[in-house]
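Each chain is listed here by its residues.
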Amino acid sequence: MNTSIEHRVTPVKHIMQTDARHARLPHAAEYEGGAAFSGGRYSPIQDATVPMLDMGFRNADATYDVVSVSRGMFFRLDYHLDRIDRSTERFRLRSPYDRAQTVEILTELLRLAGLRDAYVWWAVTRGVARPGAASNRPSAYENRFYAFVMPYSFIADDEMRQRGFDMMISRQYLRIPTESVDSRAKNFHWMDLRQSIFEAAEAGHQIPVLCDSRQMLAECPGANIFVLAGGRLMTPAQHCLEGGTRQSVLDLAAEIRVPTFVGDIPASTLRAADEVFITSTAGGIMPVTRLEGQPIGRGTPGPITTLLHNLYWEKRWAGWHATPVRYEFKAGL
Ligand SMILES: Cc1ncc(COP(=O)(O)O)c(C=O)c1O
């Protein structure tokens, strides 16, 4: 494995588009955009619908998860299955499908769409209360399951990752505290995140980071944050998702012997940081090279960020935490 310091982030998107190991498998034309599972039925993604009365839609009363697939391999599938098990429990939800059935549905969706690089999403919603049932009890509801797969999408493409994001510390929005909506469980409460995206764009920046009420860093829309300062790679412990990519970075940091810290990080630390990056299933490790227009470090992706970014993909493609997708398997569900 190549662990020397490299200066360029690997052009992952370009590789996915040009390397035969990423090529799409045969699939029907209507599945070109992806495949979905809703109401117990598989369909092309553009035909899938959500029942209007489902509390998941009406009250953001749901949990979900996302796992990625590259070169025909799920990445950290067990981590994501464990996480959604914890999330359903925290929100008093119950999936109508067990783990094996969930994997069967996700596999069938990948097979239908012929995707070897995919963004794989599934949700458990509150559903609708059974007629006459006491609606103040979780047992009154028939929880529902939805899923879709799409071609793998990048929050930041190759060019963006090589340049790095210009980040803004949100002034108007605090991350919803875990005491209100358990942010360790992936949830649909995105209004603070969505509004902060608009706030950052209006101020001329590319990505916001939200803090908690103590001005400690929390997380970004759809991503965790890491800050390298004083020789330590730090990430928040509270008011953020237990990100799968965050866990991968903590594992990789141990491997390359970079000390880590998971705890409170004052937002002001960003101003003196050597390197900053964000992490997400949708895009891996994404450098942040400016804070509100001012360079972070040298204003280019730093050596540790670049090394982690490249290792993450190199190891994944070599089979790290991989579960091969059984495309030949025909689902009974
Ligand atoms: C709010 C939030 N934080 C963090 C993340 C990153 O988590 P993961 O690395 O598991 O994708 C996500 C993922 O989409 C998210 O929605």
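Since the structure is predicted, the reported quantities are computational estimates derived from the model, not experimental observations.

Okay, the pattern of salt bridges next. The final tally for this structure, using the stated rule, is 23 salt bridges. Residue R21 is joined to D19 by a salt bridge in which the shortest nitrogen-to-oxygen separation is 2.8 Å. Residue R21 is classed as partly exposed on the basis of its relative accessible area of 48%. Among the ionic pairs, D182 bridges to R90, the shortest N-O distance being 3.7 Å. Taken together, the residues D182 in the loop between β7 (165–174) and α6 (191–202) and R90 in helix α3 (residues 77–90) connect sequence positions 92 residues apart. By relative accessible area, R90 is classed as partly exposed at 28%.

Contacts to the ligand come from 16 residues, most closely from K186, E219, G244, T245 and T281. One nitrogen or oxygen atom from the side chain of R83 is found 2.9 Å from an oxygen atom belonging to the ligand. Protein contacts shield 93% of the accessible area of the ligand, which totals 390 Å² for the unbound molecule. For the shell around the ligand, the secondary-structure elements that each account for two or more residues are α3, α7 (244–255) and β13 (275–280). Partitioned by chemical class, the residues of the shell around the ligand number four nonpolar, nine polar and three charged. When residues of the shell around the ligand are sorted by domain, at least three fall in each of domain 1 (12–153) and domain 2 (158–301).

A few words on the side chain of D158. Tracing the backbone shows D158 in helix α5 (residues 158–163). Those residues in contact with D158 that lie beyond four places of it in its chain are T10, P11, V12, K13 and H14.

Moving on, we come to the packing of α7 against helix α8 (residues 303–317). Interhelical geometry of α7 versus α8 gives an angle of 105° and a closest axis separation of 10 Å. Relative to α8, α7 is oriented roughly perpendicular. Of the residues in α8, those touching α7 at T245, S248, V249, L252, A253 and E255 are L308, L311, Y312 and K315. For the contact of α7 with α8, the residue count by class is six nonpolar, two polar and two charged.

Taken domain by domain, the chain consists of domain 1 (12–153) and domain 2 (158–301). For domain 1 and domain 2, the distance between their C-alpha centres works out to 26 Å. Summing both partners gives a buried area of about 1,900 Å² for domain 1 against domain 2, and 53% of it is carried by carbon and sulfur. When residues of domain 1 are sorted by the area they lose upon contact with domain 2, Y64, R83 and R90 head the list and together hold 30% of the total. Where domain 1 touches domain 2, the interface holds four salt bridges. Between R76 and D251 there is a salt bridge, and its shortest N-O distance comes to 2.9 Å. If you list the elements that add at least two residues to the side of domain 1 that touches domain 2, you get α1 (12–18), β3 (62–70), α3 and β5 (118–129).

Among the secondary structure elements, H239 is positioned in the loop between β11 (232–235) and α7. Of note is the side chain of H239, whose polar atom sits 3.0 Å from the backbone nitrogen of T178. Those residues in contact with H239 that sit more than four places away from it in its chain are R175, P177, T178, E179, S183, D212, A218 and E219.

Given two aromatic rings, one states the distance between the centres and the angle between the planes to describe the pair. What the rule picks out here adds up to 16 aromatic pairs. A ring pair is formed by F37 and Y42, whose centres lie 4.8 Å apart and whose planes are at 55°; its orientation type is tilted. Summarising the burial analysis for this pair, F37 and Y42 share the class buried. Here F226 and F277 contribute two aromatic rings whose centre-to-centre distance is 5.0 Å and whose plane-to-plane angle is 15°, an arrangement assigned as stacked. Of the two residues, F226 is situated in strand β10 (residues 224–229) and F277 in strand β13; the sequence distance between them amounts to 51 residues. Given a relative accessible area of 0%, F226 falls into the buried group. These aromatic residues form a ring-pair network of at least three members: F75, Y152, F154, Y312, W313, W317 and W320.

What makes a disulfide is a covalent bond joining the sulfur atoms belonging to two cysteines. All chains considered together, the criterion is met by zero disulfides. The thiol sulfur of C220 is not disulfide-bonded, and the nearest other cysteine sulfur, from C211, lies at 9.5 Å. Overall, C220 belongs to the buried group, its relative accessible area being 0%. The thiol of C240 is not disulfide-bonded; the next cysteine sulfur, from C220, is found 10 Å away. When its relative accessible area of 2% is taken as the criterion, C240 is described as buried.

Rules used throughout
Residues numbered from 1 in each chain as written. Predicted model: local features only at pLDDT ≥ 70, side-chain atom pairs only at ≥ 80, totals over all residues. Heavy atoms only, no water. Salt bridge = Lys/Arg side-chain N within 4 Å of Asp/Glu carboxyl O. Buried < 20%, exposed > 50% of the residue type's maximum accessible area, 1.4 Å probe, protein only. Helix = DSSP H or I, 4+ residues; strand = E, 2+ residues; numbered from the N terminus. Near = heavy atom within 4 Å. Polar contact = N/O pair within 3.5 Å; in protein donor to acceptor, adjacent residues only side chain to side chain. Areas by Shrake-Rupley, 256 points an atom, 1.4 Å probe, with all protein chains shown as cover. Nonpolar A, V, L, I, M, F, W, Y, C, P; charged D, E, K, R; others polar. Domains from an automatic or database assignment. Contact = heavy atoms within 4.5 Å. Axes fitted to C-alpha atoms, helices over the stretch in contact; angles between N-to-C directions. Parallel < 35°, antiparallel > 145°, perpendicular 65-115°, else oblique. Buried area = accessible area lost by both parts, 1.4 Å probe. Phe/Tyr/Trp six-rings, centres within 6.5 Å; stacked < 30°, edge-to-face > 60°. Disulfide = S-S within 2.5 Å.

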